[in-house]
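Residue-level structural notes
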Amino acid sequence: MVVPAALVFIPVGVLFLISGLIVNLIQLVFFIIVRPFSRSLYRRINKTVAELLWLQLIWLIDWWACIKINLYADAETLELIGKEHALVLSNHRSDIDWLIGWVMAQRAGCLGSSLAIMKKEAKYLPIIGWSMWFSDYIFLERSWAKDENTLKAGFKRLEDFPMTFWLALFVEGTRFTQEKLEAAQDYASIRSLPTPRNVLIPRTKGFVSAVSHIRSFVPAIYDCTVTVQNNQPTPTLLRMFSGQSSEVNLQMRRHKMSELPETDDGIAQWCQDLFINKDAQLEKYFTKDVFSDLDVHQIERPIKPLIVVIIWLCLLVYGGFKLIICVCVFFLVIATITMQVLIQSSESQRSTPAKRHLQEQLISA
């Protein structure tokens, strides 16, 4: 099903805007009333509230665009996802990679408690950015002098997180493009590093800081490799709104946090080696059409996102109908009052000449 994006964007945008503002308002109320007394209770409530907004985006992937996700993972990973805290690393090849992560988090039961390390500007985005801020996302300024303390404080807040959470980190720092790849290749040549072909060179400071501060209470790292199926266009938000389906390959490998090196240099090298292997895996896929040696699993679409969208739509239609009635009643009242004023004014004008005629007769008599 392919339709002009505007036909979907306008009604879905209105639904997302109105419901998003309602969700933000609810988050604000609980942030003011509940969080000062119990951060744990606030987080549990916010998880449910945030999902009322985020599930609408899951609906776009699952039910509108029908994007198919082929998950490659071993039995241990499938058994543990959703049952443990995890630091999630992924390459970044399209503008919906984060939504693919949200789909997996939703399947694991931790969509509302999924977190990410993002650039500061994102928190100023109306609705979605505000909801992330209320949900304890960590926002950076891309200045290590400032971000180092921000990361430490953010990781510290996660120590008493009452539910299973995923903390996502795109260590490449930006989305993969040919121009950025060429810049990364030039940098690799100067620093005598392996030349990347399908990934960018990871920025390891944030990753080292994350591992150093959360390894005591986060037992695993989920290494995700994402790419679109060969011979298909890269999925984008515009294509998704247009209802154009895609097929995405996602590999998830679980690494025990305890197996990582103890030193900062060792942790940084581990991350670099991870992306060297990721680059080789993608190269093999693009040249030989072999993506992974792990078993593939089909990700079924759940009914919950569809139900949430239908409920929001019904509330919006009902609210719109009530608003139309209120507007009609308002204008009816205004019209009635106006007519009454005009009638009284007309009667007053008719009675004035009669009074004058009577007065003239009395004077002449």
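Starting afresh in each chain, residues are numbered from 1 along the sequence in its written order. Totals for whole chains, interfaces and linings use all residues, but because this is a predicted model, local features are given only for residues with pLDDT of at least 70 and pairs of side-chain atoms are given and counted only at 80 or more. Side-chain measures were taken over the full set of non-hydrogen atoms in the model, leaving aside hydrogen atoms and water.

Filter applied, for reference: UniProt positions are given in the numbering used here, feature names are shortened, and annotations may be inferred rather than shown by experiment.
Per an unreviewed UniProt entry, the protein goes by 1-acylglycerol-3-phosphate O-acyltransferase and derives from Eutrema salsugineum. Under Sequence similarities (unreviewed entry), UniProt gives the following word-for-word description of the protein: "Belongs to the 1-acyl-sn-glycerol-3-phosphate acyltransferase family." Here the protein is described in UniProt, under the heading Catalytic activity (unreviewed entry), as follows: "a 1-acyl-sn-glycero-3-phosphate + an acyl-CoA = a 1,2-diacyl-sn-glycero-3-phosphate + CoA".

Overview of the overall build of the protein
For clarity, the cut-off: Put simply, DSSP H or I for four residues or longer makes a helix, DSSP E for two residues or longer makes a strand, and each gets a number counted from the N terminus. In this description the radius of gyration comes from C-alpha coordinates, and the expected globular size is given by 2.2 Å times residues to the power 0.38. Categorising residues by exposure relies on relative accessible area from a 1.4 Å probe, with only protein chains included: less than 20% of the type maximum marks a residue as buried, more than 50% marks it as exposed, and the intermediate range marks it as partly exposed. Throughout, a residue-residue contact means that at least one pair of heavy atoms, one from each residue, lies within 4.5 Å.
The secondary structure content of the protein amounts to eleven helices and eight strands. Its C-alpha atoms give the protein a radius of gyration of 29 Å, more than 25% over the compact-globule value 21 Å for 365 residues. Judged by the C-alpha coordinates and their principal axes, the protein covers about 120 × 50 × 40 Å. Here the protein holds 365 residues, and the buried ones make up 43% of them. Across the protein, contacts joining residues at least 24 apart in sequence account for 80% of those joining residues at least 6 apart.

Digging into the UniProt feature "domain: Phospholipid/glycerol acyltransferase" (unreviewed entry) in the protein
Summarizing the sequence annotation, UniProt attributes the feature "domain: Phospholipid/glycerol acyltransferase" (unreviewed entry) to residues 86-208 in the numbering used throughout. Overall, residues 86-208 shows 42% helix and 15% strand. The separation of its end C-alpha atoms is 15 Å.

Side note on helix α10 (residues 264-288)
Condition: Each residue after the first adds 1.5 Å to the expected span of a helix.
Counted at 1.5 Å a residue, the expected span for α10 with its 25 residues is 36 Å, and the 36 Å between its end C-alpha atoms agrees. Where α10 is buried, its residues touch β2 (86-90), α8 (204-214), β6 (220-228) and β7 (247-256).

What to know about the nonpolar core
What counts, and what does not: We define a nonpolar core as any set of buried Ala, Val, Leu, Ile, Met, Phe, Trp, Tyr and Cys residues linked to one another through side-chain atoms lying within 4.5 Å.
With 90 residues, the main nonpolar core has L87, W102, W166 and F207 as its most contacted residues. A per-element tally of this core places helix α2 (residues 39-64) first, with eleven residues. The residues touching W102, leaving out its near neighbours within four places in the chain, are W54, L57, I58, L111, S114, I128, M132 and Y137.

Points about the UniProt feature "transmembrane region" (unreviewed entry) in the protein
Taken from the UniProt record, the annotation "transmembrane region" (unreviewed entry) applies to residues 6-34 and 306-339. Counted over residues 306-339, helix gives 100% and strand 0%. Its end C-alpha atoms are 49 Å apart.

What about the packing of helix α6 (residues 144-157) against α8?
What describes two packed helices is the angle between their axes and the distance between those same axes. Convention followed: Where helices are involved, their axes are fitted lines through C-alpha atoms of the stretch in contact, as for all axes, and angles between N-to-C directions lie from 0 to 180°. Reported orientations rely on four angle classes, namely roughly parallel under 35 degrees, roughly antiparallel over 145, roughly perpendicular from 65 to 115, and oblique for the rest. We call a crossing left-handed when the near helix sits turned anticlockwise from the far one by less than a right angle, and right-handed when that turn is clockwise. Lys, Arg, Asp and Glu make up the charged group, whereas Ala, Val, Leu, Ile, Met, Phe, Trp, Tyr, Cys and Pro make up the nonpolar group; the residues left over, Gly among them, are polar.
Between α6 and α8, the least distance of the axes is 10 Å, while the angle of their chain directions is 30 degrees. In terms of their interaxial angle, α6 and α8 are classed as roughly parallel. For the pair α6 and α8, the crossing hand works out as right-handed. On α8, the residues touching W144, L151, K152 and F155 of α6 are K205, G206, S209, A210, H213 and I214. Across the contact of α6 with α8, the residue classes break down as five nonpolar, three polar and two charged.

Remarks on the pattern of salt bridges
Side-chain pairs of opposite charge can arise where the charged atoms are in close proximity. So the rule is basically this: One side-chain nitrogen of Lys or Arg within 4 Å of one carboxyl oxygen of Asp or Glu is enough to make a salt bridge.
Across all of its chains, the model carries 17 salt bridges by this definition. For R39, the salt bridge is made with D160, and the minimal N-O distance between the two is 3.0 Å. With a gap of 121 residues between them, R39 in helix α2 and D160 in the loop between α6 and β5 (166-169) connect regions that are remote in the sequence. When the shortest N-O distance is used, the salt bridge between K47 and E51 registers 3.2 Å. Pair noted here: K47 and E51 are both in helix α2, with a separation of four residues, about one helical turn. You can call K47 buried: its relative accessible area is 17%. Residue E51 is classed as buried on the basis of its relative accessible area, which comes to 10%.

Some words on the sheet that holds strand β4 (residues 138-140)
Operational definition: Paired strands are those between which DSSP finds at least two bridges.
Overall, mixed pairing links the eight strands, which are arranged β4-β3-β5-β2-β6-β7-β1-β8 in an open sheet. Each edge of the open sheet carries a strand with a single partner, namely β4 and β8 (296-298). Within the sheet, the average angular offset between the axes of one strand and its neighbour, ignoring direction, is 25 degrees. By the bridge criterion, four bridges tie β2 to β5 in an arrangement that is parallel. Looking at the pairing, L89 lines up with L169 of β5. Running over the sheet, α6 touches β3 (114-119), β4 and β5 and is turned about 180 degrees from β4. Contacts from α8 reach β2, β5 and β6, with the element oriented near 165 degrees to β2.

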